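Next come the chains, spelled out residue by residue.
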Amino acid sequence: MQEIKSKNLLEIMKALKTTITLVALLMISSVMAQPKLTLKVDKAEKEVSPTLYGLMTEEINYSYEGGLYAQLIGNSSFKEDRNGARQAWGRWKPGGPKYWNVTDTINSHISLAMNDGINRANPVSLCFEAKVGSTLTNDGFWGIPVKPNEHFEGAFFAKGNSDAPMSVIVSLVSTDGKTVYAKQEVKNIDKSWSKHSFILDIPGEIKATKDVKFHITACQSGKYWLSRVTLFPETFKGRKNGLRKDLMQMMCEMHPKFLRFPGGNYLEGNDFRNRFDWKRTIGDPDERVGHMSPWGYRSSDGMGLLEFLLWAEDVGAEPLLGVFAGYTLNGDYITADYLDGFVNDALDEIEYIIGGVDTKWGAQRAKDGHPEPFSLRYVEIGNEDFFDRSNSYPGRYKKFYEAIKAKYPNLQIVSTIDAKMMADQAEKSGVKDIKLDVIDEHYYRNTESMYRAANQYDSYDRKGPKIFCGEWASREGKPTTNMNAALGDAAWMACMERNSDIVVAHCYAPLFVNVNPGAMQWESDLIGYDAISAYGSPSYYAQCMFAGNVGDKIVPVEASDIPTLTFGKDKLPQIYYSATKDSKNGKIYLKVVNGGSTKSDIIVNVDGAKVKSKGIKSVLSSEKPEDTNSIDNPKKIVPIVSKQKVGNKFNLTLAPYSITVLVM
Ligand code: AHR
């Protein structure tokens, strides 16, 4: 009896086991239905904005000084003190001029010569009291980059205290003083100020290094006064007062359609004196005063308005101009009634950019070397005026809007606050009839928040103002962002691209960071560099992949069975996507982000177009989301290009933590 019972129990348990296995298999197969994306190519009606992908810039993280601006001498006008970034005029702190030193402190001495300068912009000079052989050194910006066959052009203003002409030797010397890479004697320094130029050519058989200083060595005993010491390597497209070649090349590879400048906080400045006062940034660089960046160091304004415009032109972009709108970061503002001077400055600035040579400021541009007008379609009034708690923005905005539209009706005006805030503030300040063309929205988030926001624009009002996402980033990793950030960026870009009928433009921020200790004010940036080399973060490559592969029509995509990722109590999609087509050549671009740690095999259906069998895909991926690129390992994560079999229905494998761009 006992035996029979056990046997029955065994049978029952066996049957139960089979049932459980079947149920489990059924459950798994229903959870794991293959994700599917269906591209409705015949429904691609909405236009992709022609200005969708662009760049945003300002003087932050030593972006220009010690960055893109190729000038290599730190503190070329002796206006920065070593003990603080504050301009040294009037108060000589014991620290001495930043970046400058003497090698022989017993026999030589430096001091600031107040009111003994070369012009109104540079009323202070450096007095170098020297014996024969005494040497003044400049550190550059964390070194001076010396490469085989490099050609440097430099200059300085000088005068001496001797009746007989004096001379110095300028040279590039290794930090340990053992190697002189190039030198030249500069003669005929007499008792009145004059500008002296020199050339330093580096031989071919040296090893590239940034452990180099610039030296000025006295050939006679006596006093030398110096001002505006500058040194340029070869620049992008050989422009005078030009820009660093490697960084410009990297930006070309981002295919930007616009360049938003000059900021950011840098437009506003900490106070009125230190706003971006464009009229003081044009003309001869030796006559530019320079000013403090709100990010704690001084700008020479060598990167002035024309340099920004040429930068845009040289990377194939158009300017997107921010005009100073009467509000500074310390909270000072000017009410609309007293704004005329600033409104006129903005009108003059626009004329400098797009006016014919028969206009006052167009003629000035021609005199500065660029007779052809630039093109311009967006002008932004201020920056982040949602920080202005005085409710003065509606009044200020309206003044600029009406004046600019009256003269340039085709320009689109960008507001820095949204429609709701504008309406609230307008009501409080009694300003009526405000028109909104475009709103600038800024989003600094982590990757999870980017995933959460990945449908944000799907539901925006199509009849309201257009959107310019003028600053955004997934902020993970420092100094530059990591792969996880690139995934969040790509999900967000897919959202903006799918909605680029309303999102007319967007740009990542900040663009640049000098990675030397002490140079960074803002963590998580796109492109990192030191004096001699540069690298792109995974986010940079995501930008290149997205902006370099985009059509002119938005292709609607239907998605099903998308797996999810768990964030706390919430589940968010694991896969994000966008598709566009080029109506001229028929190419279809599909972008897919896999935020999961496992690969995902998806089915892609293409409706409404005959797809040939060959596609090309670029994949950016890494094993771990925190993987990144760095100055020492610049290419750890780069896109890998391969062939992909495609058709009207095909399988596409998405690698773990990956961004895939497929061209069919
Ligand atoms: O991108 C860094 C800063 O963030 C910008 O200067 C400012 O506009 C924003 O707050």
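*Asks:* How should the confidence of the model for the protein be read in this particular structure?
*Replies:* Here the protein averages 94 in pLDDT, while 93% of its residues score no lower than 70. Residue range residues 1-7 is modelled with pLDDT below 50. Its contacts to residues more than four positions away, or to other chains, number zero contacts. For the stretch residues 21-30, pLDDT sits under 50, and the model shows zero contacts to residues farther than four places along the chain or on other chains.

*Asks:* What's the story with the packing of aromatic side chains in this structure? I'm lost.
*Replies:* Note on aromatic pairs: each is described by the distance of the centres and the angle between the planes. Scanning all chains against the criterion turns up 34 aromatic pairs. Taking 5.0 Å as the distance between ring centres and 75 degrees as the angle between the ring planes, the aromatic pair formed by tyrosine 540 and tyrosine 541 counts as edge-to-face. Tyrosine 541 carries the same exposure label as tyrosine 540, and that label is buried. Connected via pairs of aromatic rings, a cluster forms that spans Tyr64, Phe261, Tyr266, Phe276, Phe308 and Trp311. Taking NZ or CZ as reference, lysine 159 lies 5.2 Å from the ring centre of tryptophan 225, over its face. Between arginine 445 and the ring centre of tyrosine 443, over which it is positioned, the NZ or CZ distance is 4.0 Å.

*Asks:* What is the right way to look at empty space enclosed by the protein in this model?
*Replies:* Gaps left between atoms are located by rolling a probe of water-molecule size over the structure's atoms. Counted by the stated rule, this structure contains five cavities of 30 Å³ or more. Considered as a void within the structure, the largest cavity measures approximately 180 Å³ in volume. Surrounding the largest cavity, 18 residues form its lining, Asn75, Ser76, Arg298, Ser299 and Ser300 being those nearest its centre. For the lining of the largest cavity, the per-class residue count stands at four nonpolar, eight polar and six charged. Structurally, the lining of the largest cavity is a two-domain feature, drawing no fewer than three residues from each of domain 2 (53-71 + 240-550) and domain 3 (87-232). Approximately 90 Å³ is the volume found for the second largest cavity. Contributing to the lining of the second largest cavity are Arg275, Phe276, Asp277, Trp278, Val323, Phe324, Phe342, Asp345, Ala346 and Glu349. Counting residues per element, the lining of the second largest cavity draws most heavily on helix 6 (residues 340-354), which supplies four residues.

*Asks:* Is there a simple way to explain the side chain of serine 622 in this structure?
*Replies:* Looking at the secondary structure, you find serine 622 in the loop between strand 34 (614-621) and strand 35 (640-645). The exposure class of serine 622 is buried, given its relative accessible area of 11%. For serine 622, the side chain forms a polar contact with the main-chain oxygen of lysine 624, separated by 2.7 Å. When sequence neighbours within four positions are dropped, the list of residues in contact with serine 622 reads Met483, Asp627, Ile637, Pro656 and Tyr657.

*Asks:* Before we go on, may I ask you to explain the site of the ligand in this structure?
*Replies:* By nearness alone, every residue bordering the ligand is listed as Glu58, Gly264, Asn265, Trp295, Asn383, Glu384, Tyr444, Glu471, Pro510 and Trp522. One nitrogen or oxygen atom from the main chain of asparagine 265 is found 2.9 Å from an oxygen atom belonging to the ligand. Asparagine 383 places a side-chain nitrogen or oxygen 3.1 Å from an oxygen atom of the ligand. Bound to the protein, the ligand loses 93% of the 280 Å² it would expose on its own. Taken together, the residues of the shell around the ligand sort by class into four nonpolar, three polar and three charged.

*Asks:* Even after reading the chapter, I still don't get the packing of helix 6 against helix 7 (residues 360-367), so can you show me in this structure?
*Replies:* Angle between the axes and distance between the axes are the two parameters that describe a pair of packed helices. Following both chains from N to C, one finds helix 6 and helix 7 inclined at 50 degrees, their axes separated by 7 Å at the closest point. Classified by the interaxial angle, the pair formed by helix 6 and helix 7 is oblique. For the crossing formed where helix 6 meets helix 7, the hand is right-handed. Only Lys360, Trp361, Gly362, Gln364 and Arg365 of helix 7 make contact with helix 6, whose side of the interface consists of Asp348, Glu351, Tyr352, Ile353 and Ile354. Per-class residue counts for the contact of helix 6 with helix 7 are four nonpolar, two polar and four charged.

*Asks:* Could you clarify how one ought to interpret the domain arrangement of the protein in this entry?
*Replies:* In many reports, interface size means the accessible area that the parts give up when they come together. Each domain of the protein was delimited in the assignment, giving domain 1 (33-49 + 554-663), domain 2 (53-71 + 240-550) and domain 3 (87-232). Its C-alpha centre places domain 1 at a distance of 55 Å from the equivalent point of domain 3.

*Asks:* Hey, could you run me through unusual backbone geometry in this one?
*Replies:* Glycine aside, the phi torsion of most residues is negative, and most peptide linkages are trans. Following phenylalanine 261, the chain continues into proline 262 via a peptide bond in cis, with omega recorded as 0 degrees. In this chain, lysine 478 is followed by proline 479 through a cis amide linkage whose omega measures 0 degrees. With respect to the helices, strands and loops of the structure, proline 479 is situated in the loop between strand 22 (466-474) and helix 11 (483-498). The backbone of arginine 228 sits at a positive phi, close to 50 degrees, despite the residue not being glycine. Topologically, arginine 228 is positioned in strand 14 (residues 222-232). A positive phi angle, near 45 degrees, is found at glutamate 384, a position not held by glycine.

*Asks:* How do you make sense of the layout of surface pockets when you look at a structure like this?
*Replies:* Considered as a void within the structure, the largest pocket measures approximately 830 Å³ in volume. Taken together, 38 residues line the largest pocket, and the ones lying closest to its centre are Phe232, Arg239, Lys240, Asn241 and Gly242. Within the residue set of the lining of the largest pocket, elements represented by two or more residues are strand 9 (151-160), strand 12 (194-201), strand 14 and helix 5 (305-314). Looking at the lining of the largest pocket element by element, the count peaks at five residues for helix 5. Broken down by class, the residue content of the lining of the largest pocket amounts to 15 nonpolar, eleven polar and twelve charged. Residue assignment places the lining of the largest pocket across two domains, with domain 2 (53-71 + 240-550) and domain 3 (87-232) each supplying three or more.

Rules used throughout
Residues numbered from 1 in each chain as written. Predicted model: local features only at pLDDT ≥ 70, side-chain atom pairs only at ≥ 80, totals over all residues. Heavy atoms only, no water. pLDDT = per-residue confidence, 0-100. Contact = heavy atoms within 4.5 Å. Phe/Tyr/Trp six-rings, centres within 6.5 Å; stacked < 30°, edge-to-face > 60°. Buried < 20%, exposed > 50% of the residue type's maximum accessible area, 1.4 Å probe, protein only. Lys NZ or Arg CZ within 6 Å of the ring centre and 35° of its normal. 1 Å grid on protein atoms, 1.4 Å probe; cavity = no way out; pocket = protein on both sides within 12 Å on 5 of 7 lines; lining within 4 Å. Points joined across faces, edges and corners; volume = space filled by probe spheres on them. Nonpolar A, V, L, I, M, F, W, Y, C, P; charged D, E, K, R; others polar. Domains from an automatic or database assignment. Helix = DSSP H or I, 4+ residues; strand = E, 2+ residues; numbered from the N terminus. Polar contact = N/O pair within 3.5 Å; in protein donor to acceptor, adjacent residues only side chain to side chain. Near = heavy atom within 4 Å. Areas by Shrake-Rupley, 256 points an atom, 1.4 Å probe, with all protein chains shown as cover. Axes fitted to C-alpha atoms, helices over the stretch in contact; angles between N-to-C directions. Parallel < 35°, antiparallel > 145°, perpendicular 65-115°, else oblique. Left-handed = near helix turned anticlockwise from the far one by under 90°.

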